[in-house]
Amino acid sequence: MNVLIVTESCFGNTRRFADAVVGGLTSRGAVVTVTAASDATPEMMNGVDLLLVGAPTHNRGLPGPASRRTAAAQGARPDVTGVAEWLDGMDEWRGRAAAFCSVSGTGFINGSAARKIVKKLQRYTIDVVGTENFLVGAAEGPPADGELERAEKWGASLVG
Ligand SMILES: Cc1cc2nc3c(=O)[nH]c(=O)nc-3n(C[C@H](O)[C@H](O)[C@H](O)COP(=O)(O)O)c2cc1C
């Protein structure tokens, strides 16, 4: 199974979750490519069996230019564009996908970038097979206890 993970990360936590998910996927024999959304090309979608898209939760949803500037002011190093722009610009694609995000709390008030990713994926002929939120201890991280392990298990669970 070929998996493409398209991700965005301002402080590095979502990228760490992506790497943990890779561990789970590869433990079940998947072949995985990880790319920052800003580096993703249309050709990367060729031959992909499962698309994973992951981002940090900003203002209850996906990062945008203003929230990336806020993150940069807090010491992050965001890319200029990310998952929202990539999903808005991607070519029509038919296949299976799953979404994940990092989030600093588990309440309704916290929102979920993963939920917004699912909404954007559903504009295409995509079968969404999973959604997961992974918790960070503070805005700049690190991942909360046990969350990297949970991300790895989630990755393994996606290989059926
Ligand atoms: C501008 C900004 C807005 C944020 N808004 C939320 C939010 O609405 N809900 C939440 O749980 N966390 C929020 N956070 C915390 C982020 O979710 C956290 O920084 C992120 O998960 C860390 O992942 P990263 O290292 O990949 O950027 C916000 C952080 C920033 C910088």
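A brief look at the structure comes next. (Residues numbered from 1 in each chain as written. Predicted model: local features only at pLDDT ≥ 70, side-chain atom pairs only at ≥ 80, totals over all residues. Heavy atoms only, no water.)

**Thoughts on the overall build of the protein**
When you go through the protein residue by residue, the secondary structure sums to five helices and five strands. Listed N to C, the secondary structure of the protein is β-α-β-β-α-α-β-α-β-α in terms of helices and strands. For 160 residues, the compact-globule estimate of 2.2 N^0.38 gives 15 Å, and the C-alpha radius of gyration of the protein, at 14 Å, lies within 12% of that figure. Looking at the protein as a whole, 49% of its 160 residues are labelled buried. (Helix = DSSP H or I, 4+ residues; strand = E, 2+ residues; numbered from the N terminus. Rg over C-alpha atoms; globule rule 2.2 N^0.38 Å. Buried < 20%, exposed > 50% of the residue type's maximum accessible area, 1.4 Å probe, protein only.)

**A few points about the environment of L51**
Position of L51 among the secondary structure elements: in strand 3 (residues 50–56). We classify L51 as buried; its relative accessible area is 0%. Considered as a pair, L51 and N2 are 49 residues apart in the sequence and their alpha carbons are 8.7 Å apart. If sequence neighbours within four positions are ignored, L51 has contacts with L4, V6, M45, W86, M90, W93, R96, A97, A98 and L121. (Contact = heavy atoms within 4.5 Å.)

**A look at the pattern of salt bridges**
Within this structure, the stated rule accounts for seven salt bridges. One salt bridge in this structure joins R15 and D19, with 3.2 Å as the shortest N-O distance. Taken as a pair, R15 and D19 lie in helix 1 (residues 13–27) at a separation of four residues, close to a single helical turn. Residue R15 is classed as partly exposed on the basis of its relative accessible area of 35%. (Salt bridge = Lys/Arg side-chain N within 4 Å of Asp/Glu carboxyl O.)

**A few points about the site of the ligand**
Taken together, the neighbourhood of the ligand is formed by 22 residues, with S9, N13, T14, S102 and A139 sitting nearest. Measuring from a nitrogen atom of the ligand, one finds a side-chain N or O atom of S104 at 2.8 Å. The contact in question runs from a nitrogen atom of the ligand to an N or O atom on the backbone of N110, over 2.8 Å. Notes on the ligand: free accessible area 630 Å², of which the protein chains cover 91%. Within the residue set of the shell around the ligand, elements represented by two or more residues are helix 1, helix 2 (65–73) and strand 4 (94–103). Looking at the shell around the ligand, the element that brings in the most residues is helix 2, giving three residues. Of the residues contributing to the shell around the ligand, the split by class is seven nonpolar, 14 polar and one charged. (Near = heavy atom within 4 Å. Polar contact = N/O pair within 3.5 Å; in protein donor to acceptor, adjacent residues only side chain to side chain. Areas by Shrake-Rupley, 256 points an atom, 1.4 Å probe, with all protein chains shown as cover. Nonpolar A, V, L, I, M, F, W, Y, C, P; charged D, E, K, R; others polar.)

**Topic: the sheet that holds strand 1 (residues 2–7)**
Here we have five strands laid out as an open sheet, ordered 2-1-3-4-5, and parallel in their pairing. The open sheet has two free edges, formed respectively by strand 2 (31–36) and strand 5 (125–135), since each of these has just one partner strand. Taking the axes of each pair of neighbouring strands and ignoring which way they run, one obtains an average angle of 20° across the sheet. As defined by bridge partners, strand 3 adjoins strand 4 across seven bridges and the pair is classed as parallel. The residue bridging V53 from the neighbouring strand is A99, located in strand 4. Where helix 1 meets the sheet, it contacts strand 1, strand 2, strand 3, strand 4 and strand 5, and its direction lies at approximately 175° from that of strand 1. Against the sheet, helix 4 (residues 113–121) engages strand 3, strand 4 and strand 5, with an angle of about 160° to strand 4. (Pairing = 2+ DSSP bridges. Axes fitted to C-alpha atoms, helices over the stretch in contact; angles between N-to-C directions.)

**Details of the pairing of strand 3**
Of all seven residues making up strand 3, seven are buried, and the element is well covered by its neighbours. Of the two faces of strand 3, the one lined by L50, L52, G54 and P56 and the one lined by L51, V53 and A55 are each fully buried. Inspection of the sheet shows strand 1 paired to strand 3 by five bridges, in the parallel sense. Residue pairing for strand 3: L4 is matched across the bridge by L51.

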